[in-house]
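# A structural walkthrough
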Amino acid sequence: MSTTAKEVLLNAFNMNCVGHIHHGMWTHPQDRSTEFNQLSYWTELAQLLERGLFDGLFIADILGVYDVYQQNIALTARESIQLPVNDPLLLVSAMAGVTQHLGFGITANLSYEAPYPFARRLSTLDHLTQGRIGWNIVTGYLDSAARAMGLNEQIGHDRRYDQADEFLDVAYQLWEGSWEDDAVLADRQRRIYADAQKIHKVIHRGEFYQVEGYHLSSPSPQRTPLLFQAGSSARGIQFAARHAECTFVNHATPEVMKAQVDKLRTAAVAAGRQRQDLKVFMGVGVIVAPTAAEAQDKYREYLRYASPEAGLAHFSSSTGIDLSRFGLDDPIQAGPTQAIESVTQTYRGWTRRRLLEQHAMGGRYPLVVGDPQQVADALLQWVDQADIDGFNLTRIVNPGSYRDFIDLVVPELQARGRYKTAYRAGSLRQKLFRQQDRLPHSHPAAGWRPGAALPV
């Protein structure tokens with residue numbers, strides 16, 4: 001399929017909390033995000049997204065709190081800046097039970113997980129969803145999380161990725177290598193549920209992990225969940241090139257994004273994979289109405305509820321820099337931190353005033369405002385010029401933002417032949433890549449399958 005005919009992929013970007021990306025919008029009278037701890041909030045959202053043929057619900061998560069801005073959590077608590085935040089994994093079974101096709105991308109910080117029980121949790125979800133589970137691999141960026149987990153400070157940025165590489169190797173051995181495909185017989189007559197000769201012990205002796213045991217789950221539809229990753233630093237790109245199937249990247253212009261996408265795909269090829277093995281998503285907010293004038297009116301109304309300062313407090317923890325220390329027009333300068341390296345480098349030298357303007361809607365993600373045709377034009381420009389594959393669509397007013405997009409933008413994209421009109425059969429991986437349920441042989445996880453040559 002040519003680049004200009006690429007079908008747009010779409011995830012809803014959400015979080016098991018009140019304030020996610022567009023801070024302050026929880027105060028809007030039509031926003032329901034304060035109901036996040038009610039199951040019906042999530043099951044109704046999942047059904048809405050499936051009506052709109054969304055590929056997935058991508059659920060962000062953090063461990064720790066945003067306590068860098070003003071060196072406390074006063075604003076974080078007042079504006080509910082991802083606090084309180086509940087566990088995303090526990091939402092999936094209920095949402096899967098009321099849908100048939102919607103995928104679920106779950107964020108989990110491997111820095112504070114153990115591979116052995118974690119692999120079982122995701123295998124369980126992959127079974128229960130019939131192959132609709134994905135894992136957004138993160139290594140964390142908050143010092144508050146490190147302290148809460150008993151450390152004095154975070155492990156260094158690149159060192160966290162070293163640990164992540166080994167974590168994935170252990171997980172691959174459990175998911176791909178411990179059980180053969182035909183190990184489960186479920187033979188009532190012979191009283192043999194599983195053939196012990198086809199269940200293999202994983203023995204791993206590494207720098208970070210020591211594991212000896214059998215995977216506790218039998219092979220799930222995908223075995224290894226669909227793998228998401230969002231790092232854009234040099235070390236993050238190296239990690240994505242080896243492991244990721246979907247990456248989450250943001251840049252200010254299609255030209256800059258295109259360079260990043262090329263870098264990612266080239267790195268994947270250098271790692272022995274194919275360019276098409278990597279799907280690239282960008283985060284975006286959309287405000288749409290039947291006419292451009294109505295969309296602008298809606299945008300101006302939303303601005304009254306948004307909190308730029310709350311967005312700045314969120315950003316402070318992303319960079320590890322207390323932005324409250326700077327005057328409105330002082331260039332922001334700080335030494336190295338262990339936070340999100342790519343974000344810190346991108347915004348070095350900006351002023352607080354400029355950041356507040358950027359965070360007018362409570363967050364820094366690109367925002368598209370217009371009628372259905374204008375929104376479709378803008379989104380397709382990103383896809384065609386930057387060679388991305390799709391979007392993580394943020395919630396501004398929840399669930400109204402998704403409903404507006406489904407009712408107005410989806411039909412426009414479908415009319416242009418750029419968005420599916422029905423779900424394809426199969427697992428989440430099969431739907432996105434139009435291939436088998438399992439990882440391709442070019443992925444390093446395949447080297448751990450029984451009978452395969454072990455990866456170098």
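Residues numbered from 1 in each chain as written. Predicted model: local features only at pLDDT ≥ 70, side-chain atom pairs only at ≥ 80, totals over all residues. Heavy atoms only, no water.

## Regarding the overall build of the protein
- Looking only at helices and strands, one finds 15 helices and 13 strands in the protein.
- For 456 residues, the compact-globule estimate of 2.2 N^0.38 gives 23 Å, and the C-alpha radius of gyration of the protein, at 22 Å, lies within 12% of that figure.
- Counting only C-alpha atoms and orienting by the principal axes, one finds that the protein spans roughly 70 × 55 × 45 Å.
- Looking at the protein as a whole, 55% of its 456 residues qualify as buried.
- Excluding contacts between residues fewer than 6 apart, the proportion of contacts in the protein whose partners are at least 24 apart in sequence is 76%. (Helix = DSSP H or I, 4+ residues; strand = E, 2+ residues; numbered from the N terminus. Rg over C-alpha atoms; globule rule 2.2 N^0.38 Å. Buried < 20%, exposed > 50% of the residue type's maximum accessible area, 1.4 Å probe, protein only. Contact = heavy atoms within 4.5 Å.)

## Quick word on the packing of aromatic side chains
- The final tally for this structure, using the stated rule, is 17 aromatic pairs.
- Ring centres 5.1 Å apart and planes at 85° place the aromatic pair phenylalanine 13 and phenylalanine 248 in the edge-to-face group. Of this pair, phenylalanine 13 sits in strand β1 (residues 9–15) while phenylalanine 248 sits in strand β10 (residues 246–248), placing them 235 residues apart in sequence.
- For phenylalanine 248, a relative accessible area of 10% corresponds to the buried category.
- Centre to centre, the rings of phenylalanine 228 and phenylalanine 281 are 6.4 Å apart; their planes meet at 50°, and the pair counts as tilted. Of this pair, phenylalanine 228 sits in strand β9 (residues 226–229) while phenylalanine 281 is found in strand β11 (residues 279–288), placing the two residues 53 residues apart along the sequence.
- Among the aromatic side chains, those forming a connected cluster through ring pairs are Phe13, Phe58, Phe228, Phe248, Phe281 and Tyr365.
- Arginine 354 extends its terminal NZ or CZ atom over the ring of tryptophan 350, reaching a point 3.5 Å from the ring centre. (Phe/Tyr/Trp six-rings, centres within 6.5 Å; stacked < 30°, edge-to-face > 60°. Lys NZ or Arg CZ within 6 Å of the ring centre and 35° of its normal.)

## Digging into the pairing of strand β5 (residues 184–187)
- Bridging between β5 and strand β6 (residues 192–194) involves two bridges; their strand directions are antiparallel. Paired with valine 184 across the two strands is alanine 194, which belongs to β6.
- Here β5 hands over to β6 after four residues, with arginine 191 in that stretch at a positive phi of 55°. (Pairing = 2+ DSSP bridges.)

## Focus: unusual backbone geometry
- In this structure, proline 84 follows leucine 83 across a cis peptide bond, with omega equal to 0°.
- Tracing the backbone shows proline 84 in the loop between α2 (74–78) and α3 (92–97).
- Omega for the peptide link from asparagine 398 to proline 399 comes to 5°, which places this bond in the cis form.
- Phi at glutamine 70 is positive, roughly 60°, even though this residue is not glycine.
- Relative to the assigned elements, glutamine 70 resides in the loop between β2 (56–60) and α2.
- By relative accessible area, which is 36% here, glutamine 70 ends up partly exposed.
- Positive phi outside glycine occurs at serine 80, with the angle close to 50°.
- Here serine 80 is to be found in the loop between α2 and α3.
- Residue classification places serine 80 among the buried residues on the basis of a relative accessible area of 8%.

## Here we look at the packing of helix α7 (residues 234–243) against helix α8 (residues 254–270)
- Between α7 and α8, the least distance of the axes is 8 Å, while the angle of their chain directions is 50°. As far as their axial angle goes, α8 and α7 are oblique. For the pair α7 and α8, the sense of crossing is right-handed. Residues Ile237, Ala240 and Ala241 of α7 pack against Gln260, Lys263, Leu264, Ala267 and Ala268 of α8.
- Its residues placed into classes, the contact of α7 with α8 shows six nonpolar, one polar and one charged. (Axes fitted to C-alpha atoms, helices over the stretch in contact; angles between N-to-C directions. Parallel < 35°, antiparallel > 145°, perpendicular 65-115°, else oblique. Left-handed = near helix turned anticlockwise from the far one by under 90°. Nonpolar A, V, L, I, M, F, W, Y, C, P; charged D, E, K, R; others polar.)

## Some details on the side chain of histidine 314
- With respect to the helices, strands and loops of the structure, histidine 314 is situated in helix α10 (residues 308–319).
- Of the residues examined, histidine 314 reaches a relative accessible area of 10% and is grouped as buried.
- Only 3.2 Å separates the side chain of histidine 314 from the side chain of tyrosine 66, close enough to count as a polar contact.
- Ignoring anything within four residues of it in the chain, the contact list for histidine 314 reads His20, His23, Tyr66, Ile81, Gln82 and Tyr141. (Polar contact = N/O pair within 3.5 Å; in protein donor to acceptor, adjacent residues only side chain to side chain.)

## What to know about the pattern of salt bridges
- One pass over the structure, following the stated rule, counts 34 salt bridges.
- Glutamate 207 is the partner of arginine 159 in a salt bridge, and the nearest nitrogen-oxygen pair spans 2.2 Å. One end of the pair, arginine 159, is in helix α6 (residues 157–177); the other, glutamate 207, is in the loop between β7 (202–205) and β8 (210–213), with 48 residues separating them in the sequence.
- Exposure remark for arginine 159: the relative accessible area of 36% places this residue in the partly exposed category.
- A salt bridge links aspartate 329 to arginine 353, with the shortest nitrogen-to-oxygen separation between them at 2.8 Å. Highlighted residues: aspartate 329 in the loop between α10 and α11 (341–346) and arginine 353 in helix α12 (residues 352–358), separated in sequence by 24 residues.
- Taking the relative accessible area as the measure of exposure, aspartate 329 reaches 48% and is therefore partly exposed. (Salt bridge = Lys/Arg side-chain N within 4 Å of Asp/Glu carboxyl O.)

## Some thoughts on the packing of helix α1 (residues 39–51) against helix α14 (residues 400–415)
- Closest axis-to-axis distance for the α1/α14 pair is 9 Å, and the angle between their directions is 20°. Here α1 is positioned roughly parallel relative to α14, judged by the angle of their axes. Seen from above, α1 lies across α14 with left-handed handedness. Only Tyr402, Arg403, Ile406 and Asp407 of α14 make contact with α1, whose side of the interface consists of Leu45, Leu48, Leu49 and Arg51.

## Some points on α14
- Along its 16 residues, α14 runs 22 Å from first to last C-alpha, staying within 8% of the 22 Å computed at 1.5 Å per residue.
- Where α14 bends most, at isoleucine 406, the angle is about 35°.
- Within α14 the residues assigned to the buried category are Gly400, Ser401, Tyr402, Phe405, Ile406, Val409, Val410, Glu412 and Leu413.
- Against the buried residues of α14 lie β1, α1, β11, α13 (372–386) and β13 (390–394).
- Just beyond α14, the residue with positive phi is glycine 417, at close to 75°. (Expected span 1.5 Å × (residues − 1). Bend = angle between axes of the 7 residues up to and from the residue.)

## Details of helix α9 (residues 292–303)
- Its 12 residues place the ends of α9 17 Å apart at the C-alpha level, agreeing with the 16 Å of an ideal helix rising 1.5 Å per residue.
- Residues of α9 that are buried include every one of Ala295, Lys298 and Tyr302, and no others. Seen along its axis, α9 keeps its buried residues to an arc of 60°; they face one direction. (Arc of directions from axis to C-beta.)

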